[in-house]
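# Survey of secondary and tertiary structure
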Amino acid sequence: MTKKILLSIMALAIMTAVMACDSKNKASGAQKKPSGPPAEKKAETLKPLMIVKPWIRLRPPGMKVTGGFVKLENPNNSPVKLISAESDICEATELHEMIHEKNVMKMKKVDSIEVPANGTMDLKPGGYHLMFINLKKPLKADQKVTVKFSYEKGLSQTVTFNVKNNLMKKPAHKMKMDHGK
Ligand SMILES: [Cu+2]
């Protein structure tokens, strides 16, 4: 007898649940009707940049700072700004540029590096570069270093750099260096 009552209560409960669910579906179905403009903004969707020959300079042991270089090619119809780089190999990774001041080459931290629309930006010795500061341990030749690039508008990509002992045999041009004398 109690079992029968229990069963009928259960049946009622299931029916109620089904009905509730049904009315819920109907309600959400009504809400899904298109209203208002589409949320997508096509202009904000950036394609990742082409990464050409990323490398980090191998420096003598004991040197805690080194530079990273890469050519960035922008396939987008708008300029893209690199705003930060992050890596596990060091305490801080900065964006730098070399500036010529009173016949001396100096490095300066910059907030961003812009890659022109459908153009390229060459991060190279003597120009814009990445600076890896306070290396946690010495780098080795041919080591692969993962660096996360973040751009404006939420674009980011992971770049694998190759550590190279780049001995510049033939400098393209002579730079005036101040040796203090
Ligand atoms: Cu630098």
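Everything numeric here is computed off the predicted structure, so don't read it as measured data.

### Digging into the overall build of the chain
For the chain, the helix and strand inventory stands at one helix and 10 strands. Sorting the 181 residues of the chain into buried and exposed places 17% on the buried side. Considering only contacts within the chain whose residues lie at least 6 apart along the sequence, 69% involve residues at least 24 apart.

### What to know about the environment of Phe69
Its place among the elements puts Phe69 in strand 2 (residues 65–73). On the basis of neighbour counts, which here come to 21 C-beta atoms within 10 Å, the residue Phe69 falls in the buried class. Remark: the alpha-carbon pair of Phe69 and Val52, spanning 17 residues in sequence, is separated by 9.5 Å.

### Brief notes about the pairing of strand 2
Pairing geometry for strand 1 (residues 50–57) and strand 2, over five bridges, is antiparallel. Residue pairing in the sheet places Val52 in a bridge with Lys71 of strand 2. Bridge count between strand 2 and strand 7 (residues 120–123): four bridges; the pairing is antiparallel. Residue pairing across strands places Glu73 opposite Thr120, the latter belonging to strand 7.

### Observations regarding the environment of Met98
Turning to its location among the elements, Met98 is positioned in strand 4 (residues 90–101). A count of 17 C-beta atoms within 10 Å places Met98 in the partly exposed class. As a C-alpha pair, Met98 and Pro125 span 27 residues in sequence and 8.5 Å in three-dimensional space. If we ignore the near neighbours within four places in the chain, the residues touching Met98 are Met105, Met107, Gly126 and Gly127.

### Concerning the confidence of the model for the chain
Overall, the prediction assigns the chain a mean pLDDT of 81, with 67% of residues at 70 or greater. The low-confidence segment residues 14–31 (pLDDT under 50) makes zero contacts with residues lying over four places distant or belonging to another chain.

What counts as what
- Residues numbered from 1 in each chain as written.
- Predicted model: local features only at pLDDT ≥ 70, side-chain atom pairs only at ≥ 80, totals over all residues.
- Helix = DSSP H or I, 4+ residues; strand = E, 2+ residues; numbered from the N terminus.
- Buried ≥ 20, exposed ≤ 12 C-beta atoms within 10 Å, placed from the backbone.
- Contact = placed C-beta atoms within 7 Å.
- Pairing = 2+ DSSP bridges.
- pLDDT = per-residue confidence, 0-100.

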